[in-house]
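Structural description and commentary
Below, each chain spelled out in residue letters.
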Amino acid sequence: MGEECKEAGAGGRHAEEGLVVDPADSAKLYEDVPPMPLMALNHISRLCKSVDASVRFYVKALGFVLIHRPPALDFSGAWLFNYGVGIHLVQRDDARKAPDVNPGELDPMDNHISFQCEDMGTMERRLREMRIRYMKRTINEDEGSPIDQLFFKDPDGFMIEICNCENLELVPAGALGRLRLPRDRHNPPVRMVDHVGGGE
């Protein structure tokens, strides 16, 4: 079922295209950026060829819960919610395609959403039970903080990742004071000292 995938070569696509922003110069990135009143990711929205099939997938494979939609939304769709984030599904027609979907092979560099997982083995068994094709890999082993990843696709070809990414501490690049961590929900581990370049 699952297929092993080695980590992309050092630097990957960034090595070919060049970094957009050097973390050592990150202070320039935040110039003239006022504090934002944002709180957290609320939901993602996906166009679906079959809302019913997608609802069943997200409920059965990932444990999402169906939520009542506002009556004012008079088009075909569904709302799901769990783990602090919503998924809004919208019925697709011929004039509304999803351009960010790659229906071909599983590629970890494609557009995707990722869910933090506390038991990767249980999640992998669930994918096998549902006969969902997936890719499995482990990265960052040499750095001492291995991250296990599972990649698979929903019925419309949109890729989903399941990971234990919290094995890796988030290190802000010169902008610690700009981070807003919600107190009423789970947050990843964040180093509470600014890190720019090689020094702290």
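In this text, all values refer to a predicted model and were calculated from it rather than measured experimentally.

Reading the values: the criteria
Residues numbered from 1 in each chain as written. Predicted model: local features only at pLDDT ≥ 70, side-chain atom pairs only at ≥ 80, totals over all residues. Heavy atoms only, no water. Helix = DSSP H or I, 4+ residues; strand = E, 2+ residues; numbered from the N terminus. Buried < 20%, exposed > 50% of the residue type's maximum accessible area, 1.4 Å probe, protein only. Areas by Shrake-Rupley, 256 points an atom, 1.4 Å probe, with all protein chains shown as cover. Contact = heavy atoms within 4.5 Å. Lys, Arg positive; Asp, Glu negative; His and termini not counted. Salt bridge = Lys/Arg side-chain N within 4 Å of Asp/Glu carboxyl O. Polar contact = N/O pair within 3.5 Å; in protein donor to acceptor, adjacent residues only side chain to side chain. Core = buried A, V, L, I, M, F, W, Y, C linked by side-chain atoms within 4.5 Å. Disulfide = S-S within 2.5 Å. Expected span 1.5 Å × (residues − 1). Phe/Tyr/Trp six-rings, centres within 6.5 Å; stacked < 30°, edge-to-face > 60°. Pairing = 2+ DSSP bridges. Axes fitted to C-alpha atoms, helices over the stretch in contact; angles between N-to-C directions.

1. A word on the overall build of the chain
- Per the secondary structure count, the chain includes four helices and nine strands.
- Helices and strands in the chain line up, N terminus first, as β-α-α-β-α-β-β-β-β-α-β-β-β.
- Across the 200 residues of the chain, 29% fall into the buried class.
- Accessible surface for the chain amounts to roughly 13300 Å². Of this, 53% is attributable to carbon and sulfur atoms.

2. Here we look at the environment of V55
- As for its position among the elements, V55 is in helix α3 (residues 51-62).
- On the basis of relative accessible area, V55 is assigned to the buried category, the value being 15%.
- V55 sits 100 residues away from P155 along the chain, and the two C-alpha atoms are 9.7 Å apart.
- Those residues in contact with V55 that sit more than four places away from it in its chain are L66, A78, L80 and L89.

3. Looking at the side chain of E161
- Mapped onto the secondary structure, E161 falls in strand β9 (residues 159-163).
- No salt bridge forms around the buried E161; measuring N to O, its nearest opposite-charge neighbour R137 is 6.5 Å away.
- A polar contact of 2.9 Å, which involves the side chain of E161, links it to the side chain of Q149.
- What E161 contacts, discounting residues up to four positions off in sequence, is H112, I113, S114, F115, Q149, L150 and F151.

4. Points about the side chain of H88
- Turning to its location among the elements, H88 is positioned in strand β5 (residues 85-91).
- The class for H88 is buried, based on a relative accessible area of 13%.
- If we ignore the near neighbours within four places in the chain, the residues touching H88 are H43, I44, S45, R46, A78 and W79.

5. Some details on the nonpolar core
- Ranked by size, the top nonpolar core spans 28 residues in total, and within it Y58, L62, F115, F152, I160 and I162 carry the most contacts.
- Sorting elements by how many residues they give to this core places α3 first, with six residues.
- Those residues in contact with F152 that lie beyond four places of it in its chain are F57, L62, L106, L127, I132, R133, Y134, F158, M159, I160 and I162.

6. Quick word on the state of the cysteines
- Under the defined criterion, the tally for this structure stands at one disulfide.
- You can see C117 has no disulfide; the closest cysteine sulfur is in C163, sitting 8.4 Å from it.

7. A look at α3
- Compared with the 16 Å implied by 1.5 Å per residue over twelve residues, the 16 Å span of α3 between its first and last C-alpha is a close match.
- Once α3 ends, the next one or two residues include G63, with phi positive near 80°.

8. Looking at the packing of aromatic side chains
- Taken as a whole and assessed by the stated rule, the structure comprises six aromatic pairs.
- Consider the rings of F64 and Y83, whose centres lie 5.4 Å apart with planes at 90°: the pair is edge-to-face. Of this pair, F64 sits in the loop between α3 and β3 (65-67) while Y83 is found in the loop between β4 (77-82) and β5, placing the two residues 19 residues apart along the sequence.
- For Y83, a relative accessible area of 52% gives the class exposed.
- Seen in terms of ring centroids, F64 and F115 are 5.6 Å apart; in terms of plane orientation they differ by 65°. Their pairing is edge-to-face. One end of the pair, F64, is in the loop between α3 and β3; the other, F115, is in strand β6 (residues 112-116), and 51 residues separate them in sequence. Comparing F64 with F115, the two get one shared label, buried.
- By way of ring pairs, the aromatic residues F57, Y58, F64, Y83, F115 and F152 are connected into one cluster.

9. Description of the sheet that holds β4
- Across the sheet, four strands lie side by side as β2-β5-β4-β3; this open sheet has mixed pairing. Looking along the sheet, the strands with just one partner apiece sit at the ends: β2 (43-48) and β3. Neighbouring strand axes in the sheet, compared pairwise and without regard to direction, differ in orientation by 30° on average.
- Of the strands in this sheet, β2, β3, β4 and β5 touch α3, which is tilted by about 160° from β5.

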